[in-house]
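Descriptive structure summary
So you can see what is in the structure, the chains are spelled out below.
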Amino acid sequence: SKNVVAKNFIGMGYHGSHVPGPILRNLLENPGWYTAYTPYQAEISQGRLESLVNYQTLVCELTGMEVANASLLDEGTAAAEAMAMIARAVNSKAKNQFFISDSVHPQSIDCIKTRAEYFGMELVIGDHTTTDFASMDKLCGALVQYPDTRGRFNKFEGIADALHKNKAYFIVAADPLSLVLAKPPSEIGADVVVGSMQRFGVPMWFGGPSAAYLATSKKQVRRMPGRLIGESLDRLGKPAYRLTLQTREQHIRLDKATSNVCTAQVLLANMAGMYAVYHRKDGLQKIAQRVHGLAQLFASEAQKAGLCVSSTAAFFDTVTIETPKAKAVAQALEQQKMNVRVLDDKTLAASFDETHLEGDIKSLVGALKAAGAGSTASNLAITVDGKLPADFSRTGAFLEQKIFNSISSETELMRYMHTLQKKDLALDTSMISLGSCTMKLNSVSSLAPCSWPEVAHMHPFAPASQTQGYRDMLESLEQYLITVTGFDACSLQPTSGASGEYAGLLVIKKYLEDQGQGHRDVCIIPRSAHGTNPASAAMCGMEIKWIEDSRGMDLAEFKALCEEHKDRLACLMVTYPSTRAFFEDNIQETCEIVHQYGGQVYMDGANMNAQLGLTSPGIIGADVCHLNLHKTFSIPHGGGGPGLGPICVKKHLAKHLPSHVVVEPSSKGADPCGTVSAAPWGQAGIAAIPWMFCTMLGKQGVLDSARYSILNANYMKSRLEPHFDIFPTNKNNKCAHEFIMDFSDIRKKTGIVEEDIAKRLQDYGFHAPTMSWPVPHSLMIEPTESEDKAELDRFCDAMISIRKEIAKIESGEWTAEENPLKNAPHTQQEVCASEWKHPYTREEAAFPVPWLLQRGKFWPTVARVDNSLGDRKLKLRLEE
């Protein structure tokens, strides 16, 4: 109630949008979509994988590029990722400069500044219209905005040609709605295109979440950051989608990865893609024409009212007004619940979107005139027709695919989304016991505020007088997290766990520099660490030193490693409890050793669900940690995002917490480490979820979350120990909130590997636990506190039944090649076919336990997907 939903004309990459009702109800607010996990198990993820291919195709069609990823976190960090990507494509020692037009959105410039500092990249920021690119042979690339931050279209062909002659790359940050009408970046020489899909049916949410995009050419595909969805074939020769080229990613390549990106924005990418399906190509054209027409109408009416319109005819949705008292005029409009952007002391900008009406134009022009915005009236010839000038207009065919031209009713869209939903296994079907992923309940009570207008429709750069409710909630959440971690300060700006790691390490780097220890650059990381840890450290210019911890941290070996690098030791990155599923007994001593050698301790908060109220990062001796609010604090995973990865720090690090160039968050440090997200509070729109989680549970409830999660894990471990090898835990034979099953012996005896067991679980109606990590030939199980005993038993019964099936292979009843595990999963089409050639029955294949008949069978819609084929023959978009 403290938030004011004003008429926003601010723009800057954030726009009002209408979320189509069917998408709001059947996708955003549907647990079949929002409780799914990242689609590593392709056979039970075909629905959202298909939707993401729609999204990738949409981005390719709008930008004119050959390939696009399945989303990034926001436009600012996507631009930084693009800079890093092209640096990998050139000799970055010889070409160590990167140009940014000063007409790029300021928040994007700041994100790139932060990334460049430890990337070894010298930034050149200036006017692209006067820069001599031909003479700048050290440039690896240049970034421009299209249309720019003032709303102008510019001709960039000359810049692209000059860059390409010097073997440098041209990056364009483009508004996707403008690209419905405008010449695509591919036609002006772009090598990489980035932007935000927020205005495609996603609320502003005070800055996020929304899906960013990155599109480029096929030859750059192996350098791309983020997830890619491609097509392969399944065991039966049927087309099937899967995550493609995962060998680029942090969980495999570690510090050599293309990026530390893990969580992306899948739920929001699906919303944006479905927005295009809902409106169809012709509907998108009408929306874009109407938005441009509103901007033309405003320019025309403003000029008639005696205002000085400085925009030329080459604009899309943003018009600038010259006035000698811009700030005073903006403040006067604020009192009338109208927000415009102050570009400088003498210039205002007004940006228009699909939520605006013609009446809003009249009101805005009248308010500007009444506030004294009049100056020397301009005399431009402005035609209100919704058409761009010919020099900037799109002329070629685009979005010709059937999916963007066939659905014409809400009934059809509802059925299409439901058809996709039925292909995916989410928490609405059964427990998802992914170790280190904490797939817990996302309560409706905590999710409900996200759809409130006062939460959904707030611009991140709106005046403080209109956003007090948001600020109070965000600062209250920061205090909750400070209490839970035992630290002293918190920043909510990081938009994912990996983003939090990056921010935390930046804080450490800044602190060491402040102490005259900026030369310290060694980061010690246990072998069991998440892949994001070394990837994030590499992004901060750190040298990684690994230490073995398969049986816990050996203090003598650890101390020797610290001694060896005592003059360069910057930090230890440690996960607690260990990813090997137990609490390290010597964690406090480990932290003390790091401090003795001048380093800081970064605690990865991925396993925080086992700590809540029982211990804390502050108690164990850490200095900074990130928290995965999409794990521990109940934000849904969304099929691969959104997430939220705030950092909490001790007092001595608080002065280095991130800031923001447009709106300073209250958590900003006096000597900040930079900007790590495009919005001041990151993904503020979903911060209400963890706030509700903490507020509703209270102190005892939060404590019980950890207690029950540990209890559930130990119960399941005790049930499965007689049947499987369990990886060693602590001296009391107790695990933390998860445990690891080791299949090495089964593999040697039968040839059955962890993937076979993972796929066979799909026939039982379960998603597989975390596979092959952190121990090879293993599954890691984390039940969370959300599951009741009956569900825990059902999963254990499935695993025990699978063990009996393995016994039949051991006895020779089934061969090592022809058995239900090697052939899993079994599709309905295969089980119902006239011909059945397997040595086991159809019932054994599809209904191995009674509850599958009683509860209803979940059918994987494709058989096991051929991963290597999908990497060899890339198909990343729809062609028809």
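Scroll up a little and you will see the structure.
No experiment lies behind these values; they were computed from the predicted model shown.

Observations concerning the overall build of the chain
Across its full length, the chain carries 27 helices and 25 strands. Its C-alpha atoms give the chain a radius of gyration of 27 Å, within 12% of the compact-globule value 29 Å for 880 residues. Here the C-alpha coordinates of the chain stretch approximately 90 × 70 × 55 Å along the principal axes. A separation threshold of at least 6 residues defines the contact pool for the chain, and within that pool the share at least 24 residues apart is 76%. If you sum the accessible surface of the chain, you get close to 30,000 Å²; carbon and sulfur atoms cover 49% of it. Averaged over its 89 positive side-chain charges, the chain has a centre that lies 2 Å from the centre of its 98 negative ones.

Digging into the sheet that holds strand E17 (residues 543–547)
The sheet built from 7 strands is open, its strands ordered E15-E21-E20-E19-E18-E16-E17 with mixed pairing. The sheet terminates laterally at strand E15 (489–491) and E17, the two strands that pair on one side only. Along the sheet, successive strands turn relative to each other by an average axial angle of 25°, direction set aside. Across the sheet, helix H14 (residues 468–485) touches E15, strand E20 (624–627) and strand E21 (647–649), and the angle it forms with E15 is around 125°.

Side note on the packing of aromatic side chains
Under the criterion given, the structure shown has 20 aromatic pairs. Relative to Phe 352, the ring of Phe 9 has its centre 5.6 Å away and its plane inclined at 65°; by these criteria the two rings are edge-to-face. Note that Phe 9 is positioned in strand E1 (residues 7–9) and Phe 352 in the loop between strand E14 (347–351) and helix H10 (358–370), a separation of 343 residues in sequence. Between the aromatic rings of Phe 766 and Phe 795, the centroid separation amounts to 5.1 Å while the plane-to-plane angle is 80°, which identifies the pairing as edge-to-face. Here the residue Phe 766 occupies a position in the loop between helix H22 (754–763) and strand E24 (770–771), and Phe 795 occupies one in helix H23 (residues 789–811), the gap between them amounting to 29 residues. On the basis of relative accessible area, Phe 766 is assigned to the buried category, the value being 0%. Owing to a relative accessible area of 0%, Phe 795 belongs among the buried residues under this scheme. One aromatic cluster is present, built from ring pairs that chain together Tyr 146, Phe 153, Phe 156, Phe 170 and Phe 392. Residue placement shows Arg 394 over the ring face of Phe 398; its charged tip is 4.1 Å from the ring centre. Geometry around Phe 847 places Lys 857 over its ring, the cationic atom sitting 5.7 Å from the centre.

Remarks on the nonpolar core
Counting residues in hydrophobic clusters, the biggest one holds 148 residues, and the most contacted among them are Phe 200 and Met 274. Those residues in contact with Phe 200 that sit more than four places away from it in its chain are Leu 58, Leu 62, Pro 176, Leu 177, Val 180, Met 271, Ala 272, Tyr 275 and Leu 284. Listed in part, the 38 residues of the second largest apolar core include Cys 735, Ile 746, Cys 796 and Ala 798.

A short note on the pattern of salt bridges
All told, the structure shown has 44 salt bridges when counted by the stated rule. Among the ionic pairs, Lys 423 bridges to Glu 50, the shortest N-O distance being 3.5 Å. Of this pair, Lys 423 sits in the loop between helix H11 (410–422) and helix H12 (444–447) while Glu 50 sits in helix H3 (residues 46–63), and the two are 373 residues apart along the sequence. Note that Arg 877 is salt-bridged to Glu 61, the shortest N-O span being 2.3 Å. Of this pair, Arg 877 sits in the segment after helix H27 (867–872) while Glu 61 is found in helix H3, placing the two residues 816 residues apart along the sequence. The two residues Arg 877 and Glu 61 agree in class, both being buried. In the salt-bridge network here, residues are joined through shared partners; they are Asp 521, Glu 543, Lys 545 and Arg 568.

Description of unusual backbone geometry
In this structure, the amide linkage connecting Tyr 576 to the following residue, Pro 577, adopts the cis form with an omega of -5°. In this structure, Pro 825 follows Ala 824 across a cis peptide bond, with omega equal to -5°. Topologically, Pro 825 is positioned in the loop between H23 and helix H24 (828–831). At Leu 245, a residue that is not glycine, the phi angle is positive and equals roughly 55°. Topologically, Leu 245 is positioned in the loop between strand E10 (239–243) and helix H7 (250–253). Classification of Leu 245 by relative accessible area gives buried; the value is 1%. A positive phi angle, close to 60°, is found at His 777, a residue other than glycine.

Observations regarding the state of the cysteines
Enumeration over the complete set of coordinates arrives at 0 disulfides. There is no disulfide at Cys 591, and the cysteine sulfur nearest it, in Cys 562, is 11 Å away. Summary of cysteine pairing: Cys 796 is not part of a disulfide, and the nearest cysteine sulfur, belonging to Cys 735, is at 12 Å. Taking the relative accessible area as the measure of exposure, Cys 796 reaches 0% and is therefore buried.

A closer look at the pairing of E17
With 5 bridges connecting them, strand E16 (residues 522–526) and E17 associate as parallel partners. In the sheet register, Ile 525 faces E17, and the bridge partner there is Trp 546. Read as a crossover between parallel neighbours, the route from E16 over helix H16 (residues 532–539) to E17 is right-handed.

Considerations on the sheet that holds strand E22 (residues 725–726)
In space, the 4 strands of this open sheet follow the order E22-E23-E25-E24, with antiparallel pairing throughout. The outermost strands of the open sheet, each flanked by one partner alone, are E22 and E24. When strand E23 (residues 739–742) meets strand E25 (residues 778–781), the two strands line up antiparallel, connected through 4 bridges. Considered in E25, the bridge of Ile 740 is made with Met 780. Sheet contacts for helix H20 (residues 688–720): E22, E23 and E25; angle to E23, the most-contacted strand, approximately 20°.

Conventions and cut-offs
- Residues numbered from 1 in each chain as written.
- Predicted model: local features only at pLDDT ≥ 70, side-chain atom pairs only at ≥ 80, totals over all residues.
- Heavy atoms only, no water.
- Helix = DSSP H or I, 4+ residues; strand = E, 2+ residues; numbered from the N terminus.
- Rg over C-alpha atoms; globule rule 2.2 N^0.38 Å.
- Contact = heavy atoms within 4.5 Å.
- Areas by Shrake-Rupley, 256 points an atom, 1.4 Å probe, with all protein chains shown as cover.
- Lys, Arg positive; Asp, Glu negative; His and termini not counted.
- Charge placed at Lys NZ, Arg CZ, Asp CG, Glu CD.
- Pairing = 2+ DSSP bridges.
- Axes fitted to C-alpha atoms, helices over the stretch in contact; angles between N-to-C directions.
- Phe/Tyr/Trp six-rings, centres within 6.5 Å; stacked < 30°, edge-to-face > 60°.
- Buried < 20%, exposed > 50% of the residue type's maximum accessible area, 1.4 Å probe, protein only.
- Lys NZ or Arg CZ within 6 Å of the ring centre and 35° of its normal.
- Core = buried A, V, L, I, M, F, W, Y, C linked by side-chain atoms within 4.5 Å.
- Salt bridge = Lys/Arg side-chain N within 4 Å of Asp/Glu carboxyl O.
- Disulfide = S-S within 2.5 Å.
- Right-handed = clockwise from strand over helix to strand, strands pointing away.

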